[in-house]
Amino acid sequence: MSITIVSSLPALLPVGNSDVVVVSSDLTASANFRYICDVSGSTASARLKCDKLPNTSYGFFGVSKVVETLILPAVPQTTSGWQAGGYAVKANLTFREEYGSPPTVATGTTTGSVVAWQAAFRQQDYNTAIAAPTKYYAATVSGDAVALKVVSNRPTSQTLTSGSNDFLSMVVDSAVTGVALRVSYDSGATRSAFLVTGTVSGLAPLINAGPRGLYNLTSAQCSDGSAGSVNFPTQGGTISVRMLANTTGGITSTFSRTQLYTYTIDNCERYDQLRVFFRNMYGGVDGYTFTKKNRQSVNVNRETYGYNNSVYGDDQFDKQWSVTYRDTYNLQSDWLSDAEFSWLQEMVYSPECWIELSGALVPVVVQTNTFNVMKRINDRLQAITVDVQVGYENTAL
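Everything numeric in this text was worked out from a predicted model, so none of it was measured.

Caption draft 1: Region of the structure containing the overall build of the protein. Within the protein, the secondary structure is distributed over five helices and 29 strands. Buried positions account for 45% of the 397 residues belonging to the protein. Expressed as a percentage of contacts within the protein between residues at least 6 apart in sequence, the contacts between residues at least 24 apart total 69%. Of the roughly 19,200 Å² of accessible surface on the protein, 47% is carried by carbon and sulfur atoms.

Caption draft 2: The arrangement of the sheet that holds strand S14 (residues 167-169) in detail. Taking strand neighbours across the sheet as the criterion, the three strands line up as S7-S18-S14 in an open arrangement whose pairing is antiparallel. Strand pairing shows two members of the sheet lacking a second neighbour, strand S7 (82-84) and S14, which therefore form its edges. The mean angle between the axes of side-by-side strands here comes to 30°, regardless of whether they run parallel or antiparallel. For S7 and strand S18 (residues 205-208), the ladder comprises three bridges, and the chain directions are antiparallel. Along S18, the bridge assignment pairs Gln 83 with Leu 206.

Caption draft 3: Region of interest: the packing of aromatic side chains. In total, this model carries 12 aromatic pairs according to the counting rule given. On the basis of an interplanar angle of 80° and a centroid distance of 5.6 Å, the ring pair of Tyr 185 and Phe 194 is categorised as edge-to-face. Like Tyr 185, the residue Phe 194 is buried in the burial classification. Where Tyr 215 meets Phe 232, the ring centres are 5.1 Å apart and the plane angle is 90°; that geometry is what we call edge-to-face. Highlighted residues: Tyr 215 in helix H3 (residues 211-215) and Phe 232 in the loop between H3 and strand S19 (238-246), separated in sequence by 17 residues. A network of ring pairs unites the aromatic residues Tyr 185, Phe 194, Tyr 215 and Phe 232 as a single cluster. Here the basic side chain of Arg 191 rests over the ring of Phe 194, its NZ or CZ set 4.1 Å away from the ring centre.

Caption draft 4: Molecular detail of the environment of Asp 315. By the element assignment, Asp 315 lies in the loop between strand S24 (295-308) and strand S25 (316-332). Assessed through its relative accessible area of 32%, Asp 315 is described here as partly exposed. Asp 315 has contacts with Tyr 307, Asn 308, Asn 309 and Ser 310, leaving out every residue within four places of it along the chain.

Caption draft 5: Region of the structure containing helix H4 (residues 338-348). The set of residues buried in H4 consists of Phe 341, Trp 343, Leu 344, Gln 345, Glu 346, Met 347 and Val 348. Buried residues along H4 sit in contact with strand S22 (274-279), strand S23 (285-290), strand S26 (353-357), strand S27 (360-366) and strand S28 (385-390).

Caption draft 6: Region of the structure containing a nonpolar patch on the surface. On the surface, Val 6, Val 20, Leu 53, Tyr 58 and Phe 60 cluster together to form a nonpolar patch covering roughly 380 Å² of accessible area. Relative to the helices and strands, Leu 53 resides in the loop between strand S5 (45-50) and strand S6 (59-62). On the accessibility criterion, Leu 53 (32% relative accessible area) is partly exposed.

Caption draft 7: Just the side chain of Ser 7, in detail. Note on placement: Ser 7 falls in the loop between strand S1 (3-5) and strand S2 (12-14). Only 2.9 Å separates the side chain of Ser 7 from the backbone nitrogen of Val 22, close enough to count as a polar contact. When neighbours within four sequence positions are excluded, Ser 7 is seen to be in contact with Val 20, Val 21 and Val 22.

Caption draft 8: Main features of the sheet that holds S1. With antiparallel pairing, three strands are arranged side by side in an open sheet as S1-S3-S6. Looking at the sheet topology across the chains shown, the edges are occupied by S1 and S6. If you compare each strand with its neighbour and ignore which way they point, the axes differ by 30° on average. Of the strand pairs in this sheet, S1 and strand S3 (residues 20-25) are connected by three bridges, and their pairing is antiparallel. Paired with Thr 4 across the two strands is Ser 24, which belongs to S3.

Caption draft 9: Seen up close, the environment of Asp 266. Structurally, Asp 266 can be placed in the loop between strand S21 (261-265) and S22. Since its relative accessible area comes to 29%, Asp 266 is described here as partly exposed. A C-alpha to C-alpha distance of 8.2 Å links Asp 266 and Gly 237, two positions 29 residues apart in sequence. Here Asp 266 is in contact with Thr 159, Leu 160, Thr 161 and Gln 235, once residues within four sequence places are set aside. A polar contact of 3.0 Å, which involves the side chain of Asp 266, links it to the side chain of Gln 235.

Caption draft 10: Local environment of the nonpolar core. In this structure, Val 67 and Trp 117 are the most contacted members of the largest nonpolar core, which totals 44 residues. Those elements giving two or more residues to this core turn out to be S2, S3, strand S4 (34-40), helix H1 (64-68), strand S8 (88-99) and strand S10 (110-117). Excluding residues within four positions of it along the chain, Trp 117 makes contact with Leu 12, Leu 13, Pro 14, Val 15, Ile 71, Tyr 87, Ala 88, Tyr 136, Val 151, Val 171 and Tyr 282.

Definitions and limits used
Residues numbered from 1 in each chain as written. Predicted model: local features only at pLDDT ≥ 70, side-chain atom pairs only at ≥ 80, totals over all residues. Heavy atoms only, no water. Helix = DSSP H or I, 4+ residues; strand = E, 2+ residues; numbered from the N terminus. Buried < 20%, exposed > 50% of the residue type's maximum accessible area, 1.4 Å probe, protein only. Contact = heavy atoms within 4.5 Å. Areas by Shrake-Rupley, 256 points an atom, 1.4 Å probe, with all protein chains shown as cover. Pairing = 2+ DSSP bridges. Axes fitted to C-alpha atoms, helices over the stretch in contact; angles between N-to-C directions. Phe/Tyr/Trp six-rings, centres within 6.5 Å; stacked < 30°, edge-to-face > 60°. Lys NZ or Arg CZ within 6 Å of the ring centre and 35° of its normal. Patch = residues over 30% accessible without salt bridge, like charges linked within 9 Å, V, L, I, M, F, W, Y side chains within 5 Å. Salt bridge = Lys/Arg side-chain N within 4 Å of Asp/Glu carboxyl O. Polar contact = N/O pair within 3.5 Å; in protein donor to acceptor, adjacent residues only side chain to side chain. Core = buried A, V, L, I, M, F, W, Y, C linked by side-chain atoms within 4.5 Å.

See below:
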């Protein structure tokens, strides 16, 4: 009795793309034979069954949509410090055989595991993307090298107000138990780079690395013993951040790190700026600030009925019995580079978006359904206009 995995399991499985696991067995001639795949995680489990293919006797399991149910992405919090992003989990696959009269599940098994990741590559790019999975997650410590990728296609530099939030995140495997954010301020005042360390809870560590998240750090959260507000950059100053990961829980000279991301502080606002966050194609959370003329409108829906104000029926009029309304924002971007323009299309087809209102993240639905990709060589500088509608329906009493 033997069951074998014919196709190699990917170390990292983007659940937005279809991936088939092929298995074989030496018992396919048995009566009522079927393959079984048990999928399990920390929150749920499922059993899949598959008949053998007539010409090869192989079994095929499409596990992507099943392991997707194990992922519980979390709404990002604007608090300071590390938090669990929830966009990646470990999924265990156990392959079994069922046969006989009546059919009985055999005890012999073959197991495997994948990191199930809430990512969705363009299908034409998928095979290239998973050819080097450690580009996207920290599987092992690779030494003092820029070896990791944040789960984002964002530009490496942004201009933000000192009160802005922004989130950085990555995918790690269970061998990585320590993460840190390396922070340096450039504001003319002296403060050496410091670390914001954290332990890994799950495989998707996330941190509010924006100016507001760093400013509100306590002295206990910073490795140099000073609060994040000490020597915080003023107008025109910069903040540089980089994510680190290792396997020891502390930060030593041996670590893997991401590239550097820089924020330039600019608190001058000509218009009321609105910042939108969205779940990107890697499952992480990106943010963009719409700095031009943004407009708010209210969409009202009324239900009426005929009301008779007289016992003689000679005084009738329509009366409202239900009024609901939603807020919609028309957002205008600044001029964009080609890379920014291409990146922001992820917001248009993102499954989850929020707008920051009064310091809170409010869920919204993007109403724009078409995104024409512009290139500077053909179209010169471009800006985008996006309509987003608040996810809450309000009722007027």
